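Each chain, letter by letter, is given below.
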Amino acid sequence: MNRFVTATVVALMAVLLLSFGLFGAPSGMESVVLLGRILWAVLIIGVVLVATVPALRHRVLGRSRLLGRLFAPRLSRAQSAALSARERKVLGVLRRPESWAQAAGLTRESVDRKGQRIREWPALVGVSVTTLGPAARFVNPPGVTAADWDVSRVSSAVGFHVEASPVGASSVLVTARTRDPFKEAAKSSGGSLAAGIPCGVQEDGSPLLASFANQSGAVVGGVPGSGKSAGATSIIAQLCADPAAQFLVIDGKGGSDWSWVAPRAALLNTDDENLEAVKSQLLAVTGLMRWRLQTQKERRGASNFWHAGATADDPFVLVVIDECQTFFDPKEHMTKAAKELSQEIAALTVNLVKKGRSAGVFVTSITQKPTSDSIPSALSANCGVKWACRVETRAAEESILGARPDGTPDSASPTLIPEARPGGVTVKRGGEWVRARFSYTPEAEAAAIAERYASLRIPFDQLIARAGVADDEVQA
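On a predicted model such as this, the values are computed, not experimentally measured, just so you know.

Enquirer: Describe in detail unusual backbone geometry, supporting the description with residues and values.
Expert: Residues apart from glycine generally show negative phi values, whereas peptide bonds are mostly found in trans. Notably, Asn-214 is not glycine yet its phi reads approximately 55 degrees, a positive angle. Residue placement: Asn-214 occurs in the loop between strand E8 (207-210) and strand E9 (217-221). Not every positive phi belongs to a glycine, and Glu-323 is a case in point at roughly 50 degrees. Along the chain, the position of Glu-323 falls in the loop between strand E12 (316-322) and helix H11 (325-328).

Okay, here's the thing in structure tokens:
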């Protein structure tokens, strides 16, 4: 109580002095006017220092409720107008760290020179609107690190779900998850073979990229209708406009799902029963790969295809084997000869994946039956890209993605992708799993794109002829 009275008296005196310094004082009180003007000068200098010296500003914002509110950053009018009423309320809570930091375990206390206790909390230094919702950036007080930001504890303290990620050495970005980036299957555009092709959105709102440069191959699996082929369609539709890309599609469904790409594809094989044709086609691609590996150092000045880059004369070759279990799994066939052919096809595909990276050959194997027979372990082990759409069992998940890395949340499992979210996918990238959703390109639109760029197609026989593989050696 005594501290409150003292603070009140000091505040009233300061207001009085500031008033005298600004408006003057009665005759005989010139010294009081001087004191008021000095106080004004000190106040102005203090404000300038707080506004221009980040370290001082952060210290002040993390100690004073009043100055924290006065100097708190704000959104622009346009950004604020884009927020819903709930999001404005959420951002209002984030902008008052003094009200929730202690409950979140993010305050620290110290003693000043006078023996008084001082409590410090994270200083608010920035606000923004992200694809996931409103966000606020804080500078940690002394003694607090990014590791101290326990998401569940912070979420409990503020009253809504947030995510926290470190920014630099001493800052943390806190994002309120008020928006669902997976609510709708967005369209993607742009990108390049070297940088990656945007093909969806990740859970943090950033683009999902299909990377081909210096990659060996991809495994894509999921139950029927989960969005596997639709995701591949979106990627290839974007690549159609690139003269440095050629596609070979071998469809194990034996249907018309891939008919849209026919005008642009170097090869479209929809005969799911002719294993000899598939074998000879993969042998031809193998010949092209070996020719490139043996000659590109002399021809292009680099032993790695990607160091010289893909060109119209030396294009990137994307091989898509849809419903690959039709060709890889011996159990899919009745006769001994067919079983042996399927094993040969699987071995040829594994070889392409193992060695194709440096030759600009990339194999994507897609299956609705993700098992060790449908996806041979040697194939999975050598594929640098792994995408799991919705699956029903942990065994299917492991067949596509491998063992779950330590610390991976259950929410990242493809077994938990809702059926109402076609195109939902878990991507294995390095040592982590990332949730995402493929973009969607309607088949009619994809067909129009393929037709538009049909002139860029290099027929399969011409493509392999460069490697000295004769057309009559390949079965149609």
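Enquirer: Can you explain the side chain of Thr-286? Please cite residues and give values.
Expert: Its location among the elements puts Thr-286 in helix H9 (residues 275-300). Here Leu-282 takes part through its backbone oxygen, which lies 2.8 Å from a polar atom of the side chain of Thr-286. Excluding anything up to four places from it in sequence, Thr-286 contacts Leu-348, Asn-351 and Leu-352.

Enquirer: I'd love a proper account of the sheet that holds strand E16 (residues 432-438), names of residues and values included.
Expert: If you trace the ten strands from one edge of the open sheet to the other, you get E8-E7-E16-E15-E14-E9-E13-E12-E10-E11, paired in mixed fashion. Each edge of the sheet is formed by a strand with only one pairing partner; in this case those strands are E8 and strand E11 (267-269). In this sheet, neighbouring strand axes are inclined to one another by 25 degrees on average, regardless of whether the strands run parallel or antiparallel. Of the pairings in the sheet, the one linking strand E7 (residues 197-202) to E8 comprises four bridges and is antiparallel in character. Considered in E8, the bridge of Val-201 is made with Pro-207. Along the sheet, H9 makes contact with strand E10 (245-251), E11, E12 and strand E13 (361-367), crossing E12 at roughly 155 degrees. Sheet strands touched by helix H12 (residues 336-355): E12 and E13. Its angle to E13, the strand with the most contacts, is close to 135 degrees.

Enquirer: Explain helix H7 (residues 151-158) residue by residue, including any values.
Expert: Listing the buried residues of H7 in full gives Val-154, Ser-155 and Val-158. Looking straight down H7, one finds that the buried residues subtend no more than 100 degrees of arc, so they occupy a single side. For H7, exposure combined with an orientation more than 90 degrees from the buried face picks out Ser-152 and Ser-156. Summarising the contacts, the buried residues of H7 are in contact with helix H6 (85-94) and strand E5 (162-167). Looking one or two residues beyond H7, the residue adopting positive phi is Gly-159, at roughly 95 degrees.

Enquirer: Give me the lowdown on the sheet that holds strand E3 (residues 123-130), citing residues and values where you can.
Expert: Here we have four strands laid out as an open sheet, ordered E3-E4-E6-E5, and antiparallel in their pairing. Since the sheet does not close on itself, it has two edges, and those belong to E3 and E5, each with one partner. Ignoring which end each strand starts from, the neighbouring axes of this sheet average 20 degrees apart. Across five bridges, the pairing between strand E4 (residues 133-139) and strand E6 (residues 171-176) is antiparallel. In the sheet register, Arg-137 faces E6, and the bridge partner there is Leu-173.

Cut-offs applied
Residues numbered from 1 in each chain as written. Predicted model: local features only at pLDDT ≥ 70, side-chain atom pairs only at ≥ 80, totals over all residues. Heavy atoms only, no water. Helix = DSSP H or I, 4+ residues; strand = E, 2+ residues; numbered from the N terminus. Polar contact = N/O pair within 3.5 Å; in protein donor to acceptor, adjacent residues only side chain to side chain. Contact = heavy atoms within 4.5 Å. Pairing = 2+ DSSP bridges. Axes fitted to C-alpha atoms, helices over the stretch in contact; angles between N-to-C directions. Buried < 20%, exposed > 50% of the residue type's maximum accessible area, 1.4 Å probe, protein only. Arc of directions from axis to C-beta.

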